[in-house]
Amino acid sequence: MGGSGPLICEPGGGGLFLPLFGDAEQHWDPKLRAALYFAGLLWTFLGVAIVADIFMAAIEQVTSKTRPITVTNKEGTSKIYHVQVWNGTVANLTLMALGSSAPEILLAVIEVTSHNFFSGDLGPSTIVGSAAYNLMGILAVCILVIPDGETRSIEQYGVFLTTASFSILAYLWLAYILLFSSPSIVELWEGLVTFFAFPVLVGLAYAVDSGMFSRKASNQRGFVIGLGGGRLDEHEMTKIVTDIKVRFPYEQISKEVLAELVAHEASRRAPKSRMYWRINGTRQITGGKRVIQSDGNKLDEEANPMVNKRLSSSISVDETKAPKSIIAFSSGGKYSVSEGDPFVTVTILRSGELNKAVLVSYKTHDGTAEAGRDYEESSGTVRFEKGEVHKQIKVRIIDDDEPETDEHFFVKIIGAEVAGRLVGKSSGVMVALSQATVTVYDNDLGGTFSFETEKISTKDTRAEVILRVLRREGNKGRVSVDYSTHDGIALNGYDYQAVSGRLHFEDKELVKEIKIQIVPTSAYDDKEEVFYVHLTNPSENATLEKTATGQTQKKLISTVVIINDMELKQEVDSIANILPSINTDKLQVGTTLYYEQFTEAFTVRGEDPAAPPKFWDYVGHAATFPWKVLFAVCPPTMMCDGLASFIVALMLIGVVTAMIGDLAGLLGCVMGMPDAVTAITLVALGTSLPDTFASLASAKAEPTADSSLGNVTGSNSVNVFLGLGMPWTLGALYWGKMGMTAEWAERYPDLAILYPNGGFAVPAGDLGYSVTVFTVCAMTVLVIMTLRRKILGYELGGHTVTKRLTALTFIGLWLTYIGLSVMKSLDSVSESRR
């Protein structure tokens with residue numbers, strides 16, 4: 001190929017902004033210039049990362065808008081939900097992808113438009129080189145950083161398949177139009193197809209995400225928490241409220257403070273957007289304010305230092321009085337005894353306040369068992385000294401030789417107070433369970449098994465449900481019975497955890513418990529789901545309880561009903577109404593005032609807001625301080641709903657990207673390195689550095705691999721469709737109108753023979769070869785990732801050996817791509833000089 005005019009690093013040559021000192025700079029020592037251009041290139045990479053994150057924060061403000069909708073349930077009750085105007089998948093593939101890929105896209109556009117619509121090597125090669133590093137380098141890092149033994153899988157696999165397939169098809173399409181359709185010439189229809197493939201990708205991804213091709217669709221209903229791009233539905237919100245109430249079991253927290261705690265905890269748990277991880281990664285490099293992420297084991301006090309103060313001030317007046325002792329019978333107030341035993345022991349428990357002596361009075365009362373005939377009447381007062389937590393009462397049992405059915409009597413607490421209490425003062429004691437039931441069994445038989453209750457209800461917020469199996473009508477010898485759970489509407493693994501086994505009762509043992517774990521779904525919607533517990537196969541010297549007609553049964557069934565916690569549901573509804581008014585400024589990634597922006601520009605921030613910044617935080621801040629001050633002139637992201645910041649930041653990205661293009665061209669020129677080599681190595685790595693940190697942090701922190709892997713395939717597709725489709729369409733339009741010119745014929749003498757009418761020329765040699773090599777490597781990577789999912793069951797992490805082998809394979813493929821592409825570019829330069 002031919003060319004005209006001096007090179008960018010020669011006297012008379014130059015880019016849009018550089019060299020800074022004009023032709024005088026072109027005579028400097030090449031080694032000094034190479035060092036300066038390299039340092040400048042690294043510095044502008046940091047600059048474009050900072051302004052791109054401002055751009056993405058503005059995008060987040062635009063895409064986080066919600067609108068209310070009203071849904072009426074089958075009972076006729078209306079409920080207002082807030083749904084995002086932007087679908088999450090569409091937002092990620094359009095504005096969010098544009099934000100992270102803006103430097104690469106603008107570099108390609110600026111290169112074409114600033115060079116009289118002649119194509120260059122820098123823009124297209126940067127896009128291909130960035131794609132190679134994203135797919136092979138970043139994936140290798142993501143696989144390695146997962147702690148040993150942990151794994152991450154893709155949850156929205158349909159969306160991933162869509163973006164991954166398009167990322168491969170995009171480069172196959174490039175190879176086709178450069179090498180076969182119209183070799184080295186991009187026709188208008190080819191540019192348009194490339195560009196409009198982007199909305200096709202967005203439409204397909206949206207269709208998959210919304211369940212158009214399957215029954216599974218992402219949830220778009222619920223409470224929106226616009227912190228880091230996350231959202232939580234009602235079910236997840238109820239879990240948060242439950243966890244907070246568990247952390248503060250004794251306080252009566254006001255709804256306002258509870259809503260504030262919920263907002264901060266939700267910001268941590270909500271799935272984070274691509275923007276969140278990208279901004280956090282850049283701020284980690286530059287010593288900026290991190291997007292706060294609270295510790296999972298404590299409330300995020302850093303997010304709002306007033307939470308504790310407001311929490312203590314919101315405790316109700318009754319609860320701030322002196323704490324009370326809580327009195328109750330043990331074993332749920334159920335006791336059993338054989339008529340052959342001399343006495344039954346009943347235990348009274350004390351909890352709560354233990355620093356005062358407490359007096360508890362009790363008295364026995366007849367049931368079917370009569371005092372004087374079946375047991376001896378008893379009454380009295382027990383004294384709990386300071387620190388004592390239990391006392392025992394013994395009631396004597398009267399034995400006789402007459403066969404009889406089971407009988408029972410009661411032990412009642414008739415009074416409880418703090419010792420030495422003054423008249424008129426509060427007792428200081430709360431009786432939680434005031435009556436115990438004692439059942440007296442015949443001691444001449446092995447016994448009959450029965451459930452304490454045939455139906456028991458439990459809330460879905462409870463950790464477990466306990467069923468008691470009773471041994472009646474005898475307690476002689478060792479007996480046993482099988483038990484097992486069975487699905488009803490409630491399902492094993494989803495609503496509860498199945499159990500089975502055999503209960504063994506020792507001689508005179510009368511009660512056994514079956515503990516069944518309830519899966520705490522914290523269901524928001526009304527529900528009543530059941531499962532069953534069966535008793536079968538009693539031992540030879542025992543039987544199952546008979547029917548009312550006296551027939552022996554082979555199976556006893558107790559029904560467990562799981563209901564949702566209505567009180568919790570009402571509390572969640574009330575909190576939802578308060579959430580929009582919660583002040584979460586400290587958790588925002590954007591800004592509201594210019595003062596805030598300039599304050600941040602002058603402030604060094606560390607990883608932990610409560611600790612001083614570290615050495616490298618100061619280094620990063622010092623290196624990027626001029627950029628921070630310059631970009632503080634962008635309108636705050638909250639101004640005009642983010643649109644003002646969006647426009648200004650996009651223009652600034654264009655300016656810094658043009659500087660990157662100039663510096664990369666100057667560096668390659670003074671080092672004798674082709675633009676294609678500079679692009680696939682330095683420029684591709686530099687523009688992808690924030691994405692590396694974002695994917696790395698996302699892979700470690702998120703429970704799924706969607707954010708880290710979706711970032712890679714989404715960016716690769718967008719880079720081609722917008723980064724090449726846009727400038728190539730503009731170039732094809734321009735040269736379609738201009739036709740062949742003398743400059744065009746001089747620059748492309750070989751193509752002038754094949755295309756006498758000219759056209760937008762994109763020489764296929766180096767670029768076509770690079771695209772072909774990348775496509776082969778990319779397909780290999782995706783096949784390996786698919787096999788990891790099919791064979792191992794996950795994409796990221798796993799056993800140390802397998803994840804290291806996979807990562808080494810990906811790094812090897814990336815180095816192979818770099819090596820082959822560089823060799824081809826150097827060969828082309830050698831041939832052109834002959």
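It should be emphasised that the depicted structure is a prediction, and the values quoted were computed from it without experimental measurement.

Student: Any chance you could explain the sheet that holds strand E15 (residues 435–441) here in plain terms?
Tutor: The strands making up a sheet associate through backbone hydrogen bonding, with each pair oriented either parallel or antiparallel. Spatially, 5 strands are ordered E8-E15-E13-E10-E11 in an open sheet, and the strand pairing comes out mixed. In this open sheet, the two edge strands, each paired with only one partner strand, are strand E8 (334–338) and strand E11 (379–384). Geometrically, the sheet is characterised by an average inter-axis angle of 25° between neighbouring strands, direction not taken into account. Across 9 bridges, the pairing between strand E10 (residues 358–366) and strand E13 (residues 407–418) is antiparallel. Bridge pairing links Thr364 to Val411 in E13.

Student: Explain the state of the cysteines here, please?
Tutor: What makes a disulfide is a covalent bond joining the sulfur atoms belonging to two cysteines. One pass over the structure, following the stated rule, counts 1 disulfide. Shown here is the disulfide that connects Cys9 with Cys669, its sulfur atoms set 1.8 Å apart. Its torsion about the S-S bond being -50°, the disulfide of Cys9 and Cys669 is classed as left-handed. Linking Cys9 in the segment before helix H1 (22–26) with Cys669 in helix H14 (residues 643–670), this pair joins segments that are 660 residues apart in sequence.

Student: I'm lost on the packing of aromatic side chains in this one. Help?
Tutor: Centre-to-centre distance and the angle between the planes together describe a pair of aromatic rings. A full pass over the atoms with the stated rule returns 22 aromatic pairs. Note on Tyr375 and Phe409: the rings are 4.0 Å apart at their centroids and 10° apart in plane angle, and the pair reads as stacked. Residue Tyr375 is located in the loop between E10 and E11, and its partner Phe409 is located in strand E13; the two are separated by 34 residues in the primary sequence. Side by side, Tyr375 and Phe409 carry an identical accessibility label, which is buried. Summarising the aromatic geometry, the rings of Phe449 and Phe505 are spaced 5.2 Å apart at their centres and angled 40° between planes, so their arrangement reads as tilted. On the criterion of sequence distance, the pair formed by Phe449 in strand E16 (residues 448–451) and Phe505 in strand E20 (residues 500–505) is long-range, its members being 56 residues apart. Each of the two residues, Phe449 as well as Phe505, counts as buried.

Student: Any chance you could explain empty space enclosed by the protein here in plain terms?
Tutor: Gaps between atoms show up when a probe of the same size as a water molecule is rolled over them. Applying the stated criterion across every chain, the model contains 7 cavities of 30 Å³ or more. Within this model, the largest cavity holds a volume of roughly 480 Å³. Along the wall of the largest cavity there are 22 residues; nearest its centre are Ile50, Ile54, Arg283, Thr591 and Glu600. Taken together, the elements giving at least two residues each to the lining of the largest cavity come down to helix H2 (30–63), helix H9 (274–286), helix H12 (594–601) and helix H13 (615–631). The residue inventory of the lining of the largest cavity, partitioned by class, reads 8 nonpolar, 8 polar and 6 charged. Mapped onto the lining of the second largest cavity, the elements with two or more residues apiece are H2, H9 and helix H15 (675–701). The residue makeup of the lining of the second largest cavity, split by class, is 6 nonpolar, 3 polar and no charged.

Student: Mind showing me how you'd approach the side chain of Ser325 here?
Tutor: Following the sequence through the fold, Ser325 ends up in strand E7 (residues 325–329). Given a relative accessible area of 2%, Ser325 falls into the buried group. A distance of 2.6 Å separates a polar atom in the side chain of Ser325 from the backbone oxygen of Glu353. When neighbours within four sequence positions are excluded, Ser325 is seen to be in contact with Arg350, Ser351, Glu353, Val358, Gly428, Val429 and Met430.

Student: Mind showing me how you'd approach the pairing of E15 here?
Tutor: Each regular strand carries side chains that alternate between the two faces of the sheet. Judged by how many residues are buried, E15 sits mostly within the fold: 6 of 7 residues are covered. As judged from the 5 bridges shared by E8 and E15, these two strands associate in the parallel manner. If you follow Lys334 over to E15, its bridge partner there is Thr437. The sheet contact formed by E13 and E15 spans 6 bridges and is antiparallel. If you follow Lys412 over to E15, its bridge partner there is Gln435.

Student: Just checking my understanding: could you explain the environment of Gly488 for this structure?
Tutor: Among the structural elements, Gly488 can be located in the loop between strand E19 (479–487) and E20. Of the residues examined, Gly488 reaches a relative accessible area of 28% and is grouped as partly exposed. Separated by 43 residues in sequence, Gly488 and Phe531 have C-alpha atoms that sit 4.4 Å apart.

Student: For this particular structure, what's the right way to read the environment of Leu36?
Tutor: Along the chain, Leu36 falls in helix H2. Exposure remark for Leu36: the relative accessible area of 44% places this residue in the partly exposed category. As a C-alpha pair, Leu36 and Leu667 span 631 residues in sequence and 8.7 Å in three-dimensional space.

Student: What exactly am I supposed to notice about a nonpolar patch on the surface here?
Tutor: A cluster of nonpolar side chains, namely Leu188, Leu192, Phe196, Met726, Leu730 and Leu733, defines an oily patch on the protein surface of about 490 Å² accessible area. Inspection of the secondary structure assignment puts Leu730 in helix H17 (residues 725–738).

Student: Honestly, the sheet that holds strand E17 (residues 455–459) in this entry has me stumped. Any pointers?
Tutor: Strands sit in the order E17-E24-E22-E19-E20 across an open sheet of 5 strands; the sheet is mixed. Among the strands making up the open sheet, the edge pair consists of E17 and E20. Sheet twist, expressed as the mean angle between neighbouring strand axes with direction ignored, is 25°. Note: strand E22 (residues 528–536) against strand E24 (residues 555–563), 9 bridges, orientation antiparallel. Counterpart to Glu528 in the pairing with E24 is Ile563.

Student: What is the right way to read the confidence of the model for the chain from this model?
Tutor: When pLDDT drops low, the exact placement of atoms in the prediction is not to be read closely. On average, residues of the chain score 81 in pLDDT, and 80% of them reach the 70 mark or higher. Put simply, strand E5 (residues 223–224) is where the chain has its lowest mean pLDDT, 42, and E19 is where it has its highest, 95. Taken as a whole, residues 215–230 scores under 50 in pLDDT and shows 65 contacts with residues more than four places along the chain or in a different chain. Predicted confidence for residues 583–587 stays below pLDDT 50, and this span has 14 contacts to residues more than four positions away or in other chains.

Student: What am I meant to see in the nonpolar core here?
Tutor: General note: in soluble globular proteins, nonpolar side chains tend to be found buried as a group. Counting 77 residues, the largest nonpolar core has Tyr171, Trp728, Trp744, Phe774, Leu796 and Tyr817 as its most contacted members. In contact with Leu796, not counting residues within four places along its chain, are Cys142, Ile143, Ile146, Glu150, Thr151, Arg152, Ala699, Ala705, Ser708, Leu709, Met785 and Arg788. Listed in part, the 36 residues of the second largest apolar core include Val48, Ile50, Ala58 and Leu122.

Student: Explanation requested: the pattern of salt bridges in the structure shown.
Tutor: Side chains carrying opposite charge are able to pair once their charged atoms draw close together. Tallying each qualifying case throughout the model produces 17 salt bridges. Glu506 serves as the salt-bridge partner of Arg478, at 3.1 Å between the closest nitrogen and oxygen. Of this pair, Arg478 sits in the loop between strand E18 (464–472) and E19 while Glu506 sits in the loop between E20 and strand E21 (511–517), and the two are 28 residues apart along the sequence. The partner of Asp766 in a salt bridge is Lys824, with the nearest N and O atoms 3.5 Å apart. Of this pair, Asp766 sits in helix H20 (residues 764–792) while Lys824 sits in helix H21 (residues 800–833); the two residues are 58 residues apart in sequence, bridging distant segments of the chain. Of the residues examined, Asp766 reaches a relative accessible area of 22% and is grouped as partly exposed. Each of Glu370, Arg373, Asp374 and Glu407 takes part in one network of salt bridges that share partners.

Student: For this particular structure, what's the right way to read H14?
Tutor: Relative to the 40 Å expected for 28 residues at 1.5 Å per residue, H14 spans 41 Å between its end C-alpha atoms, a close match to the ideal helical length. The buried fraction of H14 is high, at 21 of 28 residues. Positive backbone phi, approximately 70°, marks Gly672, located one or two places after H14.

What counts, and where the lines are drawn
- Each chain has its residues counted from 1, following the order in which its sequence is written.
- Where totals are concerned, whole chains, interfaces and linings use all residues; where local detail is concerned, this predicted model gives features only for residues with pLDDT of at least 70, and gives and counts side-chain atom pairs only at 80 or more.
- To obtain the side-chain values, all non-hydrogen atoms of the structure were used and water was disregarded.
- For two strands to pair, DSSP has to find at least two bridges joining them.
- Numbering goes from the N terminus for both helices and strands, where a helix is a DSSP run of H or I of at least four residues and a strand is a run of E of at least two.
- As a rule, the C-alpha atoms of each element are fitted with a line to give its axis, helices using only the stretch in contact, and angles between N-to-C directions run from 0 to 180 degrees.
- Any two cysteine sulfur atoms lying within 2.5 Å of each other are counted as a disulfide.
- By convention, a stacked pair of Phe, Tyr or Trp rings (six-membered ring in the case of Trp) has centres within 6.5 Å and planes under 30 degrees apart, an edge-to-face pair has planes over 60 apart, and any other such pair is tilted.
- Under the scheme applied here, a residue whose accessible area is under 20% of the maximum for its type counts as buried, over 50% as exposed, and between as partly exposed, the area being computed with a 1.4 Å probe on protein chains only.
- A cavity, in this analysis, means grid points on a 1 Å lattice covering only the protein atoms where a 1.4 Å probe fits yet has no way out; a pocket is instead an open set bounded by protein on both sides within 12 Å along at least five of seven lines, and a residue lines either one if it has an atom within 4 Å of a point.
- Grid points are joined across faces, edges and corners, and a volume is the space filled by probe spheres set on the points.
- Each residue receives one of three labels: charged for Asp, Glu, Lys and Arg, nonpolar for Ala, Val, Leu, Ile, Met, Phe, Trp, Tyr, Cys and Pro, and polar for the others, Gly being one of them.
- Polar contact is the term for a pair of N or O atoms within 3.5 Å; when the atoms are in protein, one must be able to donate a hydrogen and the other to accept it, and sequence-neighboring residues count only if both atoms are side-chain atoms.
- Between two residues, a contact is recorded if the distance between any of their heavy atoms is within 4.5 Å.
- Patches draw on residues past 30% relative accessible area with no salt bridge. Two like charges within 9 Å are joined, as are two nonpolar side chains (Val, Leu, Ile, Met, Phe, Trp, Tyr) within 5 Å.
- All accessible areas in this document rest on Shrake-Rupley with a 1.4 Å probe, and a residue is counted as covered only by the protein chains that are shown.
- Just to be clear on terms, a salt bridge is a Lys or Arg side-chain nitrogen sitting within 4 Å of an Asp or Glu carboxyl oxygen.
- Each residue carries a pLDDT score, the predictor's confidence in it, ranging from 0 to 100.
- By nonpolar core we mean a set of buried residues, namely Ala, Val, Leu, Ile, Met, Phe, Trp, Tyr and Cys, connected to one another through side-chain atoms within 4.5 Å.
- To estimate how far a helix should extend, the number of its residues minus one is multiplied by 1.5 Å.

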